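Descriptive structure summary
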2 protein chains.
Amino acid sequence: MMKQNTPVTLKFLAEKLKMSVSTVSKALNNYPTINEYTKKRVQEMAKDLRFTPNKSAINLKERKSRIIGVILPNLLDHYFTRTIYGLEQFATANGYNIIISQSQDDLEKEIQSANMLLRSRVDGLIIAISKHTQDYAHVDQFENIGTPVVYYARNPSFNLNCHKVLGNTFQGCYEATQFLIDRGHRKIAYLGGPKMISFTHDRFNGYINALRDNDIPFSSDFVAYTDFDQENTISAIQNLFADSENVPTALVAFKEPILFDAIKYLRSIKHPNFDKVECIGFGNNAFITYLDAPPIASIEENPESVGENAIKLLLQLINDQIEIQDYQKVMVDCKLVVH
Amino acid sequence: MMKQNTPVTLKFLAEKLKMSVSTVSKALNNYPTINEYTKKRVQEMAKDLRFTPNKSAINLKERKSRIIGVILPNLLDHYFTRTIYGLEQFATANGYNIIISQSQDDLEKEIQSANMLLRSRVDGLIIAISKHTQDYAHVDQFENIGTPVVYYARNPSFNLNCHKVLGNTFQGCYEATQFLIDRGHRKIAYLGGPKMISFTHDRFNGYINALRDNDIPFSSDFVAYTDFDQENTISAIQNLFADSENVPTALVAFKEPILFDAIKYLRSIKHPNFDKVECIGFGNNAFITYLDAPPIASIEENPESVGENAIKLLLQLINDQIEIQDYQKVMVDCKLVVH
DNA sequence: TTTCACATTTCAAACGTTTGAAATAATTGA
DNA sequence: TCAATTATTTCAAACGTTTGAAATGTGAAA
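Just so we're clear, the structure is a prediction, and the values are computed from it rather than from any experiment.

Before going further, it helps to examine the protein's contact with DNA strand D. Near DNA strand D, the surroundings consist of 28 residues, among which Ser25(A), Lys26(A), Thr23(B), Lys26(B) and Thr38(B) are the closest. By atom count, sugar and phosphate contribute 62% of the portion of DNA strand D lying within 4 Å of the protein. The side chain of Asn29(A) places a nitrogen or oxygen atom 3.2 Å from a phosphate oxygen of DNA strand D. Mapped by element, the contributors of at least two residues to the surface near DNA strand D are helix H2 (21–28) and helix H4 (55–62) of chain A together with helix H2 (21–28) and helix H4 (55–62) of chain B. In terms of residue count, the dominant contributor to the surface near DNA strand D is H2(A) (4 residues). Tallied by class, the residues present in the surface near DNA strand D amount to 11 nonpolar, 12 polar and 5 charged.

A few words now on the protein's contact with DNA strand C. Taken together, 28 residues are adjacent to DNA strand C, and Thr23(A), Thr38(A), Leu10(B), Ser25(B) and Lys26(B) come closest. Restricting the count to atoms of DNA strand C within 4 Å of the protein gives a sugar and phosphate share of 62%. Interatomic distance of 2.8 Å between a backbone N/O atom of Leu10(B) and a phosphate oxygen of DNA strand C. One of the side-chain N or O atoms of Ser25(B) is found 2.7 Å from a phosphate oxygen in DNA strand C. When residues of the surface near DNA strand C are traced back to their parent elements, those giving at least two are H2 and H4 of chain A together with H2 and H4 of chain B. Broken down by class, the residue content of the surface near DNA strand C amounts to 11 nonpolar, 12 polar and 5 charged.

On to the relation of the copies chain A and chain B. Rotating chain A by 180° and moving it 0.0 Å along the rotation axis overlays it on chain B with an RMSD of 0.1 Å. Those values place the two copies in the arrangement expected of a two-fold rotation axis. Here 100% of the contact residues of chain A are again contact residues in chain B; the copies associate through an equivalent surface.

Attention now moves to the environment of Lys276(A). Residue and element names in this part refer to chain A. Considering the arrangement of structural elements, one finds Lys276 in the loop between helix H11 (256–268) and strand E9 (278–282). Taking the relative accessible area as the measure of exposure, Lys276 reaches 57% and is therefore exposed. C-alpha separation for the pair Lys276 and Asp261, spaced 15 residues apart in sequence, amounts to 16 Å.

Our focus in this paragraph is the pairing of strand E1 (residues 67–72) of chain B. All names here are of chain B. In terms of burial, E1 is largely enclosed, as 6 of its 6 residues are buried. The side-chain alternation of E1 yields two buried faces, one formed by Ile67, Gly69 and Ile71 and the other by Ile68, Val70 and Leu72. Pairing of E1 with strand E2 (residues 97–102), which is carried by 6 bridges, proceeds in the parallel orientation. Within E2, the residue paired with Ile67 across the bridge is Asn97. Between E1 and its parallel partner E2, the chain crosses via helix H5 (residues 78–93), and the hand of that crossover is right-handed. In terms of strand pairing, E1 meets strand E3 (residues 124–127) through 4 bridges, oriented parallel. By the bridge assignment, Ile68 is partnered in E3 with Gly124.

Reading the values: the criteria
Residues numbered from 1 in each chain as written. Chains lettered and ligands numbered in written order. Predicted model: local features only at pLDDT ≥ 70, side-chain atom pairs only at ≥ 80, totals over all residues. Heavy atoms only, no water. Near = heavy atom within 4 Å. Polar contact = N/O pair within 3.5 Å; in protein donor to acceptor, adjacent residues only side chain to side chain. Helix = DSSP H or I, 4+ residues; strand = E, 2+ residues; numbered from the N terminus. Nonpolar A, V, L, I, M, F, W, Y, C, P; charged D, E, K, R; others polar. Least-squares fit on C-alpha atoms with pLDDT ≥ 70 in both. Contact = heavy atoms within 4.5 Å. Buried < 20%, exposed > 50% of the residue type's maximum accessible area, 1.4 Å probe, protein only. Pairing = 2+ DSSP bridges. Right-handed = clockwise from strand over helix to strand, strands pointing away.

Following this line, the structure appears as structure tokens:
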């Protein structure tokens, strides 16, 4: 209702109080050289007039923004949302805001987002790169002007000279496989994701290392890949279970949505053994409790922790608690959750 | 690797090019009074030196930030995430960034977030209020300095003098009930959420209006409420199905998680009729396809559209395409999805 | 009364832009 | 050649802060 009244600035307060702008500023910032009574007067007036310091001005002066940029593929993916959940809280608790930008797994959009954040003079960047990111020039820009960058959740295709925080997907898959072995399984299948995703291989390595450490022979018949598409998943499963002489008794899947497709398919074939296949997937979806044939366990990836570690590391870099060239690699362990 | 070189500013460019700062600024902003050749020289130099305009400076000068603040309870709630999905894309496409702040449904945190965003001089605020928000002073601050506010997703406890964008939960529940009636049901139960949530009543009204419009008598035996807690849900269901002479044949539930609890419970009791109860809930969860006893339909709330309408309205307010006192109420219709 | 020390306040520049007004340079016409 | 246009560039102030240096005021010691 009230019309756009003149903005309450330091100058405005100063005029009201008949003192200089710098006195007002120092009083509000509690400088020891300012008289106590003056401070009180200023602070009261500031409160009464609802003075709100202008962050743009402060940012300009201090050459920083107290904003962290976050670029990620997609907020509909619950994994990423969960990383943000942890990240946002930690940032806020430390006086930082975050600006989130979705790339939709599109390189062009990712570059645009990066440029936008660069203009905004974010104090740091946290990025989960798109599937198609091979060239990192748009990210390097930040480091070139001294703005630290943390890669997270997705592993860049080069290995050195960057800070990164990733889920320990190797360990997760190793433990899941070990769990199945401990339950007596020897014919364990691995259903991977797209081959171009590095996690597909990391998880495969976890799987195969667990087999090896238990002297279980590896058979390539027990390994298949899917691009997440439902039909594709089903044909992968058909391959894994093709040889009726040699059927897997357990399955580790790249993630739960494809595992659920697999389970559904296996149940649709009324084969007496297929119902008994014990399955584990990455994810730990909350709705598992409502499934009639739930996986025996889930690999909980702790995405909140991935997000939190990313922001923690970034803030340390921003505050020079870690040298920017002292490249860090943080692995967040998975946890096997038995249902 | 490169050390924090001197920042590339207009002044820096101007010195390199031996011309004034204002010429450089105008050249970059394509002023018609600037010579074409000069423009070319400036633009090339800017590109070579990777000049990035400092947004803090521009914001300060233009007295705006091109940032939209969003306050919402919780990013783990998929509904809110989906609103952000639509909202973020629309904002970015229009040159705005969004800063998201979670209140955790805590009033104190909501107030803190509001103050932080106020300091950041966001150009507008979109807020889904916490459960406990009764007093709106922290939000009114924005409007007092001329910053438009859109309430969304959650209905404020007052009704007038605000802009809001809400899911048309009445219509959704009406259609669901009508759908069940059309399938021949006459004993339809309604399982509501907490009574202090306004949507509980809106949905109830949709339910009861559908009954009335079809001349179906209403029985309070067929209405129960839950606070979302699982035990609470089960006891509500027990009440609804207590009278074995008069058992509902269909159920409309406040949202799917509680509906799934309800279905699970009904199935656990091996009553011959309980399996046939036809259920509908708000949500349209992607995992329904994996349930053995899926709801017959879901009420899709289109949260992306709620988010998108909120940002659209806000941008219109920011750009003075709508008078700030011309309070808008946008209802986003639900869609019944039959499984 | 001077002088000095200290407390307190103010000055002035800086952060990086934008922009209307003023200044200068180039071009045209007579 | 000179004034009058027109094209182009520069000046200078402003946006709202922060902060070291300078200025002012006060009281006490000499």
